[in-house]
Amino acid sequence: MSLEDVARKYAVSVSPTLLQLIDPADPADPIARQFLPSLEELRTLPEERADPIGDAAHSPVPGIVHRHPDRVLLKAVSACPVYCRFCFRRESIGPGKENAITPDDMARALDYVAAHSKIWEVILTGGDPFILSPRRAGEITRRLAAIAHVKVVRWHTRVPMVDPARVSDEMAAALIAPGVTSWVAIHANHAREFSAEARAAIARLREANIPLVSQSVLLRGVNDSALALAGLMRAFVENGIKPYYLHHPDLAPGTSHFRVSIEHGLALIGALRAQLSGLAQPLYVLDIPGGYGKVPLDSQNLEKTADGFRIRDLSGAWHRYPPIA
């Protein structure tokens with residue numbers, strides 16, 4: 001086994017911005033752990049799934065995931081500027097994957113949104129939609145704004161942290177159109193990702209009056225201590241980003257070395273509540289494998305069992321979740 005084997009199986013790309021942040025003298029560097037390939041990725045466990053959150057079960061047309069009545073995911077691209085080693089879409093994202101969105105696919109996806117009047121919010125994802133040009137991003141924003149029942153457009157991105165030069169004034173302007181309110185959810189997992197360039201990119205979005213929220217993944221060896229997690233949440237707030245989701249890591253293939261136990265995650269959330277301002281509190285959530293949706297990990301939705309946990313979905317049904325060693 002070699003790192004070439006990893007690269008043949010999963011996309012690898014690391015931006016110059018990230019390379020500058022990595023400390024080569026630190027074998028446990030949290031930036032390197034997120035983005036540099038590891039032989040551990042070649043180990044796949046029986047409970048891991050190619051589609052761990054069940055997107056395919058809720059995809060009526062290419063590019064759309066319609067899991068909840070009032071909102072859809074729109075997968076605008078199938079590539080990213082960098083590839084996280086824990087990505088839950090790693091089996092379908094990157095060069096050579098057969099899921100690129102064609103112009104016809106995009107037209108069908110937008111027609112689907114227009115035909116379903118209960119859709120209030122469209123969430124742009126992928127891949128990373130911030131790799132689109134400002135011209136293309138603006139076209140999508142305007143086409144969504146022209147649909148009367150769509151009121152909110154949310155862009156999910158890693159780009160401000162990993163390739164901040166892409167967040168130009170033109171890109172920020174492209175996210176805005178009359179008739180919709182645009183939000184940006186920024187993905188970061190460690191406070192050291194907030195380089196001077198990243199902070200400037202975030203500031204450009206704020207100067208465009210775009211509200212910002214965060215999303216992070218709880219990752220072993222990256223942010224699975226109260227100190228690291230508190231530093232991350234404070235960095236978000238200091239940069240005008242409201243902490244939103246802290247995701248329990250998904251059962252994606254070759255990612256078991258990143259996973260922590262639910263018990264540890266709950267203990268960390270308790271520590272954050274004791275230490276941090278209410279402004280800095282994220283919602284700890286888990287996407288139930290199989291497409292049953294995202295739920296908060298709290299006493300109402302969680303039961304300990306002899307062989308792991310039971311997680312309750314939004315309809316009230318319970319699902320087994322495996323233990324994490």
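Residues numbered from 1 in each chain as written. Predicted model: local features only at pLDDT ≥ 70, side-chain atom pairs only at ≥ 80, totals over all residues. Heavy atoms only, no water.

Undergrad: Honestly, the packing of aromatic side chains in this entry has me stumped. Any pointers?
TA: The relation between two aromatic rings is expressed through the spacing of the ring centres and the mutual angle of the planes. For the structure shown, the criterion picks out four aromatic pairs. Centre to centre, the rings of Phe 130 and Trp 155 are 6.2 Å apart; their planes meet at 65°, and the pair counts as edge-to-face. Of this pair, Phe 130 sits in the loop between β3 (121-125) and α5 (134-145) while Trp 155 is found in strand β4 (residues 152-157), placing the two residues 25 residues apart along the sequence. Between Tyr 244 and Tyr 245 the ring centres are 4.0 Å apart and the planes differ by 20°, which places this aromatic pair in the stacked class. Judged by relative accessible area, which is 28%, Tyr 244 ranks as partly exposed. Tyr 245 gets classed as buried once you look at its relative accessible area, which sits at 16%. Across the ring face of Phe 309, the terminal group of Lys 304 is positioned such that the distance to the ring centre comes to 5.2 Å. (Phe/Tyr/Trp six-rings, centres within 6.5 Å; stacked < 30°, edge-to-face > 60°. Helix = DSSP H or I, 4+ residues; strand = E, 2+ residues; numbered from the N terminus. Buried < 20%, exposed > 50% of the residue type's maximum accessible area, 1.4 Å probe, protein only. Lys NZ or Arg CZ within 6 Å of the ring centre and 35° of its normal.)

Undergrad: Sorry if this is basic, but what is going on with the pattern of salt bridges here?
TA: Considering all chains together, one arrives at 17 salt bridges under this definition. One salt bridge connects Asp 55 with Arg 89, and the closest N-O pair in it is separated by 2.9 Å. Taken as a pair, Asp 55 in the loop between α3 (30-35) and β1 (64-68) and Arg 89 in the loop between β2 (71-75) and α4 (103-115) lie far apart in primary sequence, 34 residues in all. Here the two residues Asp 55 and Arg 89 agree in accessibility, since each one is buried. We note a salt bridge from Glu 193 to Arg 158, for which the minimum N-O separation is 2.5 Å. Of this pair, Glu 193 sits in the loop between β5 (181-187) and α8 (196-207) while Arg 158 sits in the loop between β4 and α6 (159-162), and the two are 35 residues apart along the sequence. Arg 158 shares its class with Glu 193; the two are buried. Linked through salt bridges whose partners overlap, the residues forming this network are Asp 55, Arg 67, Lys 75 and Arg 89. (Salt bridge = Lys/Arg side-chain N within 4 Å of Asp/Glu carboxyl O.)

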